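Inside the fold
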Amino acid sequence: MLLSVLPWLFPSALAAQPSAPNPIPAPLRDLEFGQINFLHTTDTHGWLAGHLQEPSYSADWGDYISFTTRMREKVEAQGQDLLVIDTGDRVEGNGLYDSSQPKGIYLSEIIRHQHIDVLTSGNHELYQHNTSNNELLTTVPNFRGHYLSSNIDIYHPITHELVPLAPRYKKFTTKVQGIRIVAFGFLFNFNGNYNNTVVQPVEDTIQEAWFQEAIQDKDVDLFLVAGHVPAHSPEYRAIFRAIRKIHWATPIQFFAGHQHIRDYAQYDSKAVALASGRFMETIGFMSIDGLSTNSSAATGPVFKRRYIDNNLYSFYHHTGLDEDSFPTEKGLEVSKMITEARSALNLDKVYGCAPRDLWMSRVPYPHPDSIYTWLETEVLATSLKDDCRRTIPAVAILNTGGIRFDIFKGQFTHDSAFIISPFTNDFHYVKDVPYDKVQLIMEVLNKQTKILGVSHNKDLSMSDLASPDQQNIAKQNLESQWLSTDASSRQVPLVKRGDANIIPGYTTKDDAGTDGDDTIHSPISAYQVPNCIQALLSTNETTAPETVDLVYINFLEPFLVLAAKYAGLGVDFGKDSEVYMPNTTMSDLILDYVEQNWKCE
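The sections below set out a description of the structure shown in this document. (Residues numbered from 1 in each chain as written. Predicted model: local features only at pLDDT ≥ 70, side-chain atom pairs only at ≥ 80, totals over all residues. Heavy atoms only, no water.)

**With respect to helix H7 (residues 234-246)**
- Helix length check: H7 (13 residues) gives 19 Å between terminal C-alpha atoms against 18 Å at 1.5 Å per residue, within 8%.
- Considered for burial, the residues of H7 that qualify are Glu235, Tyr236, Ala238, Ile239, Phe240, Ala242, Ile243 and Arg244. (Helix = DSSP H or I, 4+ residues; strand = E, 2+ residues; numbered from the N terminus. Expected span 1.5 Å × (residues − 1). Buried < 20%, exposed > 50% of the residue type's maximum accessible area, 1.4 Å probe, protein only.)

**Comments concerning the side chain of His247**
- Tracing the chain through its elements places His247 in the loop between H7 and strand E12 (252-256).
- Assessed through its relative accessible area of 7%, His247 is described here as buried.
- With sequence-adjacent residues up to four places away left out, His247 is seen in contact with Ile215, Gln216, Asp217, Lys218, Val220 and Phe223. (Contact = heavy atoms within 4.5 Å.)

**Some remarks on the nonpolar core**
- Judged by nonpolar contacts, the single largest core of 119 residues is most densely connected at Trp61, Phe184, Phe211, Ile239, Trp374, Leu375 and Leu384.
- One finds Val433, Val548, Leu550 and Phe573 within the second-largest nonpolar core, a separate group that totals 24 residues. (Core = buried A, V, L, I, M, F, W, Y, C linked by side-chain atoms within 4.5 Å.)

**Looking at the pattern of salt bridges**
- Counting across every chain of the model gives 24 salt bridges.
- In this structure, the salt-bridge partner of Glu125 is Arg90, at a minimum N-O distance of 3.9 Å. You can see Glu125 sitting in the loop between strand E5 (118-119) and helix H4 (129-142) and its partner Arg90 sitting in the loop between strand E4 (81-86) and helix H2 (95-98), a full 35 residues away along the chain.
- Residue classification places Glu125 among the buried positions, given a relative accessible area of 0%.
- When the shortest N-O distance is used, the salt bridge between Asp369 and Arg356 registers 3.4 Å. Placement of Asp369 in the loop between strand E17 (350-354) and helix H10 (371-383) and of Arg356 in the loop between E17 and H10 is noted, with a sequence separation of 13 residues between them.
- Exposure remark for Asp369: the relative accessible area of 25% places this residue in the partly exposed category.
- Of the residues examined, Arg356 reaches a relative accessible area of 28% and is grouped as partly exposed. (Salt bridge = Lys/Arg side-chain N within 4 Å of Asp/Glu carboxyl O.)

**Thoughts on the sheet that holds strand E6 (residues 152-155)**
- Strand order in the open sheet formed by 3 strands is E7-E6-E10, with antiparallel pairing between adjacent strands. Where the open sheet ends on each side, the last strands, each with one partner, are strand E7 (162-164) and strand E10 (197-199). Across the sheet, the mean angle separating the axes of adjacent strands is 30° when strand polarity is ignored. (Pairing = 2+ DSSP bridges. Axes fitted to C-alpha atoms, helices over the stretch in contact; angles between N-to-C directions.)

**Structural notes on the packing of aromatic side chains**
- Taken as a whole and judged by the stated rule, the model has 31 aromatic pairs.
- For the pair Phe184 and Phe211, a centre-to-centre distance of 4.9 Å together with 45° between the ring planes defines the contact as tilted. Of this pair, Phe184 sits in strand E9 (residues 180-187) while Phe211 is found in helix H6 (residues 209-215), placing the two residues 27 residues apart along the sequence. Residue Phe184 shares its accessibility class with Phe211, and that shared class is buried.
- When the centroid spacing of 5.8 Å and the interplanar angle of 40° are considered together, the rings of Phe555 and Phe559 count as tilted.
- Clustering of aromatic rings is evident, with ring pairs tying together Trp47, Phe279, Trp359, Phe405 and Phe408. (Phe/Tyr/Trp six-rings, centres within 6.5 Å; stacked < 30°, edge-to-face > 60°.)

**Notes on the pairing of strand E11 (residues 222-228)**
- Burial runs high along E11: 7 of the 7 residues are buried.
- Residues Leu222, Leu224, Ala226 and His228 line one face of E11 and the alternating positions Phe223, Val225 and Gly227 line the opposite face, and both faces are buried.
- Judged from the 7 bridges that link them, E9 and E11 form a sheet pairing that is parallel. Across the sheet, the residue bridging to Val182 is Phe223, located in E11.
- Two elements, E11 and E12, share 4 bridges in a ladder whose sense is parallel. The residue of E12 that forms the bridge with Leu224 is Gln253.
- Viewed along the sheet, the connection from E11 through H7 into E12 turns out right-handed. (Right-handed = clockwise from strand over helix to strand, strands pointing away.)

**So, the environment of His228**
- Locating His228 in the fold gives a position in strand E11.
- Within the structure, His228 has its side chain in polar contact with the side chain of Asp89 (distance 3.1 Å). (Polar contact = N/O pair within 3.5 Å; in protein donor to acceptor, adjacent residues only side chain to side chain.)

**Some words on the state of the cysteines**
- Under the criterion given, the structure shown has 1 disulfide.
- Put simply, Cys353 and Cys600 are joined by a disulfide, and their sulfur atoms are 2.0 Å apart. What sets the handedness of the Cys353 and Cys600 disulfide is the S-S torsion sign, and at about 95° it is right-handed. Taken as a pair, Cys353 in strand E17 and Cys600 in the segment after helix H17 (586-597) lie far apart in primary sequence, 247 residues in all.
- You can call Cys353 buried: its relative accessible area is 18%. (Disulfide = S-S within 2.5 Å.)

Put into structure tokens, the structure is as follows:
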């Protein structure tokens, strides 16, 4: 049901963080509640302060705590249940996590104040030794009895034994209706983890005795599979088939993640999956009606979903509350914690002012307003130069997935640098590489994904070089010659256009149709970009050099090994490479460029 804008909510509704913009009124779709209801986050990547330049996503983690509390009060008063789910990638991607020493010292404390009924690890929790240890020693205890890890083991830092990161599964009953649930927590078939963890393939895990025993349970009303796994994935299909072999009619609710998109998959009439976006832009809502319980017979499950824009306008509407009645004491306390942490980390320090918006996928590449064109022609070309190799021509290769967010016109802060490029990879190089071989390598990196993936290493896909949502854009472009404006739609600074109440934003198309977004938006185009870009670093030569230093982010090395073989380049990257511009990251280059070139008026 479409609802008109409720002007009485404004202008009193204020974002919790001092520098965040107020949400903009827009028409909303109601939530449809059921016997059991869920709120879901995934791929938050440290964005607990919300979006400080985007009104539609300006609520913070404290606001979300108030929202879950008020929603629980509402549904329980209706005789229903509410569960809160998080499916990982809580780390890396925002200054609130990345700028502290050690990383994440504020984040863990802030997250733990939310009551989460089931949470899992993502792949980003496993990239670094200290990050995975922090999951084991801090996050798992903080959510004891709720954190599930069905296919991840870790070498315990004290005993050095290989142990499950967390319990494999759990069975519980809901508070109000006594709905009997068997829950699991999975990660997709990931192999980029640090060597202190082991990720078992999902297809192997579901053959193990504990899993087979768990799905044999007859006294179950709902299987709940939470995971950092795409909604449309072979891993989730395998789990679905395994459960269906035993329970042909028991409802299954999957919660998904990793691709940074809003998505909904329907496996059969009684099994669905929900993915809830990224970066605290989206709070996913699911409801299920028609479940059997100890006291009622099943009428057949009815699933309903909504993708809630993360702002107070949506929160007030869905709870039926206002600025005075909505906040909880705990929520306000956590919002204050976020403000104090941001201040301690100096995240609002201004380094310069962007003269224009620069987009990851809203414009094609190359384009003057493409962030990749800007990196290639301005940042890399002028700022990446090792003093010891200054007179030697060089070509720098950067994977587009190393950039994680757009740049908005206006202030570029300390936080912005971590948001744009949160990774700590340094630059390496190999010398005396024929320039024409570099061009062949680029062609392989950008055009030979399937050949490399099949012929050499089943676990290494060139598509992993791009940002997570690019895979969805590529899929949509194969299905249509028109630009994708559905589940991969991107955010822009929300300015009213046309209809005073319709603002640009997510216009999601999924397996259930086009009515999933709670806020009615006008669509935004999303273009596919290459896996990698290259920049010829500044030299005095007017023509392409014969040989160059091949400079690259060290994350690229295993991909370059494969690409070099196809290009006929005989380089042993392990032996022949050296560090280029020591102690310099992509974030460092961007900050240096901004300070030198983007002055504030």
